[in-house]
Amino acid sequence: MKSLLTQIVLICLSFTSLTSDRSPLKVEKDAAVYRLLNHYHHYDELTELLSAWSSNNTRMARLFTVGQSAEGKQLNVIRLTLPMPAENEEIHDEYQLLKPKFKWIANMHGDETIGREIMIALIYYLILNSNTDTRVNQLLTSTDIYIMPTMNPVKIE
């Protein structure tokens, strides 16, 4: 009987945490993150998000492509760092050359849809909290982060 009661309580708690706009961790601005991640993002929507984020956050984000898929879709990468150097001064800036680089690549195979969503959430979290979270600010100041949310954009459509 105690086991059944425990299961019922856990089910009720999990249901209320799923229906609330706050995470159990009380992460800042998590309601916006929940709205962003309420569905899987297709290629066109992902491209729009990355483009909007990079154009609205030019001091820390730059979008570029590293080629095309076999079907001709652009393979987009977003670079996050603080401060974002101007394109012409990047080659000669010793600080930028010595700054550690880190890359995340997701969705290499067609059935890895969660990886794409995790990368979308990570990009959004870093941009959203770059001014308010000292850990995020320190990470972006001390590291060049490159994120490719999908390496196989066709298989997920």
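Residues numbered from 1 in each chain as written. Predicted model: local features only at pLDDT ≥ 70, side-chain atom pairs only at ≥ 80, totals over all residues. Heavy atoms only, no water.

**Details of the packing of aromatic side chains**
Scanning the entire structure with this criterion turns up three aromatic pairs. For the ring pair F64 and Y146, a centre distance of 6.2 Å and an interplane angle of 80° mean the geometry is edge-to-face. With F64 in strand β1 (residues 61-68) and Y146 in strand β4 (residues 144-148), this pair connects stretches of sequence that are 82 residues apart. Given the relative accessible area of 19%, Y146 is considered buried. (Phe/Tyr/Trp six-rings, centres within 6.5 Å; stacked < 30°, edge-to-face > 60°. Helix = DSSP H or I, 4+ residues; strand = E, 2+ residues; numbered from the N terminus. Buried < 20%, exposed > 50% of the residue type's maximum accessible area, 1.4 Å probe, protein only.)

**So, the nonpolar core**
W53, M60, I78, L80, I123, L140 and I147 are the most contacted members of the largest nonpolar core, which totals 23 residues. Put simply, the parts of the chain that give this core at least two residues each are α2 (30-36), α3 (43-56), β2 (74-80), α5 (113-128), α6 (134-142) and β4. Top element by residues in this core is α5. It accounts for six residues. Those residues in contact with L140 that lie beyond four places of it in its chain are M60, L80, T81, L82, K99, L126, S130 and I145. (Core = buried A, V, L, I, M, F, W, Y, C linked by side-chain atoms within 4.5 Å. Contact = heavy atoms within 4.5 Å.)

**Observations concerning α3**
Its 14 residues place the ends of α3 20 Å apart at the C-alpha level, agreeing with the 20 Å of an ideal helix rising 1.5 Å per residue. All buried positions along α3 are accounted for by Y43, L46, L49, L50, W53 and S54. Down the axis of α3, the sector holding all buried residues measures 125°, keeping them to one side. Exposed and facing more than 90 degrees away from the buried side of α3 are D44, E48 and N56. (Expected span 1.5 Å × (residues − 1). Arc of directions from axis to C-beta.)

**Remarks on a nonpolar patch on the surface**
A cluster of nonpolar side chains, contributed by Y40, I114 and I118, occupies part of the molecular surface with about 310 Å² of accessible area. Structurally, I114 is set in helix α5. I114 sits in the partly exposed class, given a relative accessible area of 45%. (Patch = residues over 30% accessible without salt bridge, like charges linked within 9 Å, V, L, I, M, F, W, Y side chains within 5 Å. Areas by Shrake-Rupley, 256 points an atom, 1.4 Å probe, with all protein chains shown as cover. Salt bridge = Lys/Arg side-chain N within 4 Å of Asp/Glu carboxyl O.)

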